[in-house]
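Here's the letter readout for the chains.
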Amino acid sequence: MKSLAQLTGYLLPFSAYPYRGQEVPCPVCGSVNQTEVSGVDRRWKRLRTVGCGECGLLFTNPMPTEAELDDYYASLYRLDYQGAVVRPSARHIRKRSAQAARRVSVITTLLSPNAATLDFGTGSGEFILAMLEEGYDAHGFEPGGTYSSFARQRLGDRIRAGRWQDMDYGPRFDLITSFHVFEHLSDPVSAFRAAVSWLKPGGLIYIEVPDAVSGFKQSGFMSLHFAHVVGFNAHNLMLAAAKAGLEPVHHASATEIVFRRAERPLELYPIADAGAKLTRDMLGRSANSNAH
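Here the structure is a predicted model, which means the values were calculated and not measured.

Caption draft 1: Structural detail: the overall build of the protein. Assigned secondary structure in the protein consists of 10 helices and 11 strands. For 292 residues, the compact-globule estimate of 2.2 N^0.38 gives 19 Å, and the protein sits close to it at 19 Å. Dimensions of the protein, computed from C-alpha atoms along their principal axes, come out at roughly 55 × 55 × 30 Å. The buried share of the protein, taken over its 292 residues, is 52%.

Set out below in structure tokens:
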């Protein structure tokens, strides 16, 4: 199988990942003030991760291009990280179903029944099933071929296969959700803006990402890996949302936040500065040392 042969390049330790990428400014604030955080990831492969000196975002630099990411997620990601060749494992389905139940319990406190919802990066569809059981008009999309095919077999046309850049929903949803997806995106601000364009007036966006600060404090470079091209803390996640015109209305955890359209433009600098401070504290040194 071609994908199995390709996978070798993502697994072999002490070597570089099989991508060329490009040097980029911070994907959230646009700063070029960067400090190297690590030169390797949890597989002991060469992967350069930097921290932004202005907002504290962690990100891969050189960053894989959109074409490189598209190719990886379309054909290799599920095999690489979940070992899924044809369909998700029973263990995966049980785990995602339990997570879906918890997330739905948050949503029922915020949203009336029968509301239209969209899951941004729906995986194998367990969350959509849980939302339908609660009476919501739930839809989703998924770029990966293995899981989108599986989800479409279970849920039909409620699931679209494709990238967020190719979706054309228009303003039709009361809620957009995205769970452990935005850390995989090289342009999270544009993704937030696309999600905003799909919201009805008064709609909500519910985002959950890993807390990069907690992860790095606990595990250091072992918390880093190729699939997570950006690493958020609470403040730079709110900054990315604010740049798309959103403000937080509910915090389930540091990096699990419900947003709505802001009534007035938000002050961005204090949010960015708080994010940079979190990352400086995480690293235990000034984020400006070794900046380039």
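Still more to cover.
Caption draft 2: Up close: the packing of aromatic side chains. Evaluation of the coordinates by the stated rule reveals 21 aromatic pairs. Geometrically, the ring pair formed by Y72 and F226 is edge-to-face, given 5.1 Å between the ring centres and 85 degrees between the ring planes. You can see Y72 sitting in helix α2 (residues 66-75) and its partner F226 sitting in the loop between α8 (212-219) and β9 (230-231), a full 154 residues away along the chain. Judged by its relative accessible area of 3%, F226 is buried. By way of ring pairs, the aromatic residues F120, F141, W164, Y169, F173, F182, F192, W198 and F259 are connected into one cluster. When the ring centre of Y17 is taken as reference, the NZ or CZ atom of K45 above it lies at 4.9 Å.

Caption draft 3: Layout of the packing of helix α5 (residues 126-133) against helix α6 (residues 145-155). As a packed pair, α5 and α6 sit with axes 10 Å apart at the nearest point and diverge in direction by 25 degrees. In terms of orientation, α5 and α6 fall into the roughly parallel class. The element α5 and its partner α6 pack so that their crossing is right-handed. Contacts between α5 and α6 involve E126, I128, L129 and L132 from the first element and F150, R154 and L155 from the second.

Caption draft 4: Up close: helix α4 (residues 90-107). Its 18 residues place the ends of α4 26 Å apart at the C-alpha level, agreeing with the 26 Å of an ideal helix rising 1.5 Å per residue. Listed as buried for α4 are H92, I93, A100, R103, V104, V106 and I107. The buried side chains of α4 occupy one side of the element, clustering within an arc of 135 degrees when seen end-on. More than 90 degrees from the buried face of α4, the exposed residues found are R91, R94 and A98.

Caption draft 5: Highlighting the sheet that holds β9. Judged by pairing direction, the sheet is antiparallel, and its four strands sit side by side in the order β1-β2-β3-β9 without closing on themselves. Unpaired on one side and paired on the other, β1 (34-40) and β9 mark the two borders of the sheet. Of the strand pairs in this sheet, strand β3 (residues 58-60) and β9 are connected by two bridges, and their pairing is antiparallel. Looking at the pairing, L58 lines up with G231 of β9.

Caption draft 6: Molecular detail of a nonpolar patch on the surface. A surface patch of nonpolar side chains, about 350 Å² in accessible area, is lined by F14, W44 and M222. On the secondary structure map, W44 appears in the loop between β1 and β2 (46-52). Residue classification places W44 among the partly exposed residues on the basis of a relative accessible area of 43%.

Caption draft 7: Structural detail: the side chain of T177. As for its placement among the helices and strands, T177 is situated in strand β7 (residues 173-179). Within polar-contact distance, the side chain of T177 engages the side chain of D119 at 2.7 Å. Each residue touching T177, except ones within four places of it in the same chain, is listed here: I107, L118, D119, F120, F127 and Y206.

Caption draft 8: Region of interest: the pattern of salt bridges. In the structure shown here, the tally under the stated rule is 13 salt bridges. In this structure, R163 and D70 form a salt bridge, with 2.8 Å as the shortest nitrogen-oxygen distance. Of the two residues, R163 is situated in the loop between β6 (159-161) and β7 and D70 in helix α2; the sequence distance between them amounts to 93 residues. Here the salt bridges share partners, and the residues they tie into one network are R102, R103, E208 and E256.

Caption draft 9: A look at the pairing of β7. Taken across its seven residues, β7 has six buried, putting it largely inside the fold. For β7 and strand β8 (residues 199-208), the ladder comprises six bridges, and the chain directions are parallel. By the bridge assignment, S178 is partnered in β8 with I207.

Caption draft 10: Looking closely at the sheet that holds β7. Reading across from one edge, β6-β5-β4-β7-β8-β11-β10 is the order of the seven strands in this open sheet, with mixed pairing throughout. Whereas interior strands pair on both sides, the edge strands pair on one side only; in this sheet they are β6 and β10 (246-253). For this sheet, the mean inter-axis angle between neighbouring strands, taken without regard to orientation, is 20 degrees. Sheet topology places β10 next to strand β11 (residues 256-261); six bridges connect them, and they run antiparallel. Among the inter-strand pairings, H250 is bridged to a residue of β11, identified as V258. With respect to the sheet, α5 is in contact with β4 (116-120), β5 (137-142), β6 and β7, its orientation differing from that of β5 by roughly 175 degrees. In the packing of helix α9 (residues 234-242) onto the sheet, the strands contacted are β8, β10 and β11, and the crossing angle to β11 comes to about 25 degrees.

So, how was this worked out
- Residues numbered from 1 in each chain as written.
- Predicted model: local features only at pLDDT ≥ 70, side-chain atom pairs only at ≥ 80, totals over all residues.
- Heavy atoms only, no water.
- Helix = DSSP H or I, 4+ residues; strand = E, 2+ residues; numbered from the N terminus.
- Rg over C-alpha atoms; globule rule 2.2 N^0.38 Å.
- Buried < 20%, exposed > 50% of the residue type's maximum accessible area, 1.4 Å probe, protein only.
- Phe/Tyr/Trp six-rings, centres within 6.5 Å; stacked < 30°, edge-to-face > 60°.
- Lys NZ or Arg CZ within 6 Å of the ring centre and 35° of its normal.
- Axes fitted to C-alpha atoms, helices over the stretch in contact; angles between N-to-C directions.
- Parallel < 35°, antiparallel > 145°, perpendicular 65-115°, else oblique.
- Left-handed = near helix turned anticlockwise from the far one by under 90°.
- Contact = heavy atoms within 4.5 Å.
- Expected span 1.5 Å × (residues − 1).
- Arc of directions from axis to C-beta.
- Pairing = 2+ DSSP bridges.
- Patch = residues over 30% accessible without salt bridge, like charges linked within 9 Å, V, L, I, M, F, W, Y side chains within 5 Å.
- Areas by Shrake-Rupley, 256 points an atom, 1.4 Å probe, with all protein chains shown as cover.
- Salt bridge = Lys/Arg side-chain N within 4 Å of Asp/Glu carboxyl O.
- Polar contact = N/O pair within 3.5 Å; in protein donor to acceptor, adjacent residues only side chain to side chain.

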